[in-house]
Amino acid sequence: PETRQRREAGRQTMARGRHAALALFCASVDGTASALRAVTHQRHGCDVAAPSGPGGIAHVRTPLGWRCPLGTTLRLALDLPEAQAAWLCALGAVYVDRQRAQDPSSPVAGGAYIRAHTVPRRYPTLTADAWRARVLHQCSDFLAVDKPAGVPVHATVDNARETCQAQLEGLLGGQVLCPHRLDVPTRGVLLLARGPEPLRAAQAELRARRVRKVYRALCAPREPGCEALMEGDLVHYLSPGPRSPVAAAAEPQGPGWRLCESRVLAGRPCSVRLGLPPAESLFRAEDFELQLGTGRTHQLRAQLAFEGWPIVGDLEYGGLATEGARGGVGGEAARDGHAPGEEVGGAGPVCTIPRAGLGAFFGLAASSLALQLGGRQYEFSLAGASAGTNEFWGSAAVPSREPEH
């Protein structure tokens, strides 16, 4: 009996050590210690650290001697239906030893570390005909498309399938590479390379700042009476670090602050109509045309917000909320958003916010892109890139369909 007790005590001590080691490992890799259960648990011999609530990121360490397909491992360790486990893999929401694993039949060995995003973020998908209608240029080296709002350019941490890159590769049946990107909510001209050599050539032009990128930005002032931006250069410094939102300042606020430059080419006074009659409201706005200098993440969004003119629909940077444009919600709901804006009786052209597919309206579009490669000049523009405010922004709806489940 004493031998059995000592063995049992030894097993419990080893289990506590494994649990503590797994929790420490998960915290060091993902910073998710606050989302994990205080004591991790075991299922079928696998150590599991899962969120205390439904969904989220789950972490699994398989025991020595383990050898099962990935889909089966997820089913056993996380108590998931095997079809859901296979779907998570195919979507790109599962990693084995920090590498994305999309084949649920791939074997998992003992001691493997698995991270599964059990509630991945979803994005709109377009039909093949809708993508073909968005192609601006296609040749053996390059592809230029009108990227829809709400769709990421390339794989995100938990979704590698519902992206521009993956959807276009499925449509064209070949490799599509990304020399640059647009933010998820931004629509407009996106240049893609169809091989490593064109990719390197385009990236070299971008690094040398020989690519002319022009944007249209529909903005509403944060405070009443805010003066419109004049034509000319915008020079700011952005805060360091990978997290968003980024802060902008007129001078660097410490080490690591990055210079960013752009130029206001034109501004068109207008009004934005939110909501549906009779509960609709008009807000003062400006339809800016800007040329990008540096290409920092969220650069224009942060610069315009710093100047007091955040982009309409950009809640992350204090923009006018546009949820009132969806589902028939009236102007009062819109005014209760992140920033109130300046309500007016109507000044200049009136832009009616359209219903933007699956996502709220976002007033930033890459309207044109020009570069020279191999002695040839390329220039791509959206249809109606120089059109009036209502004509341009009224076409911003996304011809999308619900993500497949």
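About the cut-offs
Residues numbered from 1 in each chain as written. Predicted model: local features only at pLDDT ≥ 70, side-chain atom pairs only at ≥ 80, totals over all residues. Heavy atoms only, no water. Core = buried A, V, L, I, M, F, W, Y, C linked by side-chain atoms within 4.5 Å. Buried < 20%, exposed > 50% of the residue type's maximum accessible area, 1.4 Å probe, protein only. Helix = DSSP H or I, 4+ residues; strand = E, 2+ residues; numbered from the N terminus. Contact = heavy atoms within 4.5 Å. Phe/Tyr/Trp six-rings, centres within 6.5 Å; stacked < 30°, edge-to-face > 60°. Pairing = 2+ DSSP bridges. Axes fitted to C-alpha atoms, helices over the stretch in contact; angles between N-to-C directions. Salt bridge = Lys/Arg side-chain N within 4 Å of Asp/Glu carboxyl O.

(A) A look at the nonpolar core. By size, the foremost hydrophobic cluster in this structure holds 32 residues, and its most contacted members are F142, L218, L371 and F380. Every element with two or more residues in this core is listed here: β10 (142-147), β11 (187-193), α6 (196-207), β15 (258-274), β16 (281-292), β18 (364-373), β19 (376-381) and α9 (389-393). Aside from chain neighbours lying at most four places away, what touches F380 is H137, A144, V189, L191, S367, S368, L369 and L371.

(B) Representation of the packing of aromatic side chains in the model. Going through the model one piece at a time under the given rule, you end up with five aromatic pairs. Between F288 and W309 the ring centres are 5.7 Å apart and the planes differ by 90 degrees, which places this aromatic pair in the edge-to-face class. Of this pair, F288 sits in strand β16 while W309 sits in the loop between α7 (299-306) and α8 (331-335), and the two are 21 residues apart along the sequence. W309 carries the same exposure label as F288, and that label is buried. Geometrically, the ring pair formed by Y378 and F380 is tilted, given 6.0 Å between the ring centres and 40 degrees between the ring planes. Classification of Y378 as buried rests on a relative accessible area of 8%. On the basis of relative accessibility, which here comes to 5%, the residue F380 falls in the buried class. Three or more aromatic residues link up through ring pairs in this structure, and these residues are F142, Y378 and F380.

(C) Representation of the pairing of β15 in the model. Note that strand β13 (residues 232-238) and β15 share seven bridges and pair antiparallel. Bridging across to β15, L238 finds its partner in R258. As paired strands, β15 and β16 are joined by twelve bridges and run antiparallel to one another. Looking across to β16, one finds that P269 is bridged to E286. Two elements, β15 and strand β17 (residues 350-352), share three bridges in a ladder whose sense is parallel. Considered in β17, the bridge of R273 is made with T352.

(D) The sheet that holds strand β5 (residues 94-96), seen in detail. Spatial strand order, β1-β2-β3-β8-β5-β6: six strands in an open sheet with antiparallel pairing. Single-partner strands in this sheet number two, and they are β1 (41-43) and β6 (99-100). Bridging between β5 and β6 involves two bridges; their strand directions are antiparallel. The residue of β6 that forms the bridge with Y95 is R100. Its contacts with the sheet place helix α2 (residues 70-78) against β1, β2 (46-49), β3 (57-61), β5 and β8 (113-117), and it is angled at close to 80 degrees to β8.

(E) Broad picture of the environment of P179. Looking at the element boundaries, P179 is found in the loop between α5 (164-172) and β11. With 22 residues separating them along the chain, P179 and A201 place their C-alpha atoms 9.0 Å apart. Residues contacting P179, with those up to four places away along its chain left out, are L191, L192, A193, L199, A202, Q203 and L206.

(F) Geometry of the pattern of salt bridges. Inspection of every chain in the model, using the stated rule, returns 16 salt bridges. Measuring nitrogen to oxygen at the nearest pair gives 2.4 Å for the salt bridge that ties R200 to E197. On the criterion of helical spacing, the pair formed by R200 and E197 is a turn pair, its members being three residues apart in helix α6. What you see here is one network of salt bridges that share partners, running through R181, D183, R301, D314 and E316.

(G) Spotlight on unusual backbone geometry. Even without being a glycine, D79 presents a positive backbone phi close to 55 degrees. One can find D79 in the loop between α2 and α3 (82-91). Relative accessible area serves as the criterion here: at 55%, D79 is assigned to the exposed category. Phi is positive for D97, which is not a glycine, with a value near 50 degrees. Topologically, D97 is positioned in the loop between β5 and β6. By relative accessible area, which is 43% here, D97 ends up partly exposed.

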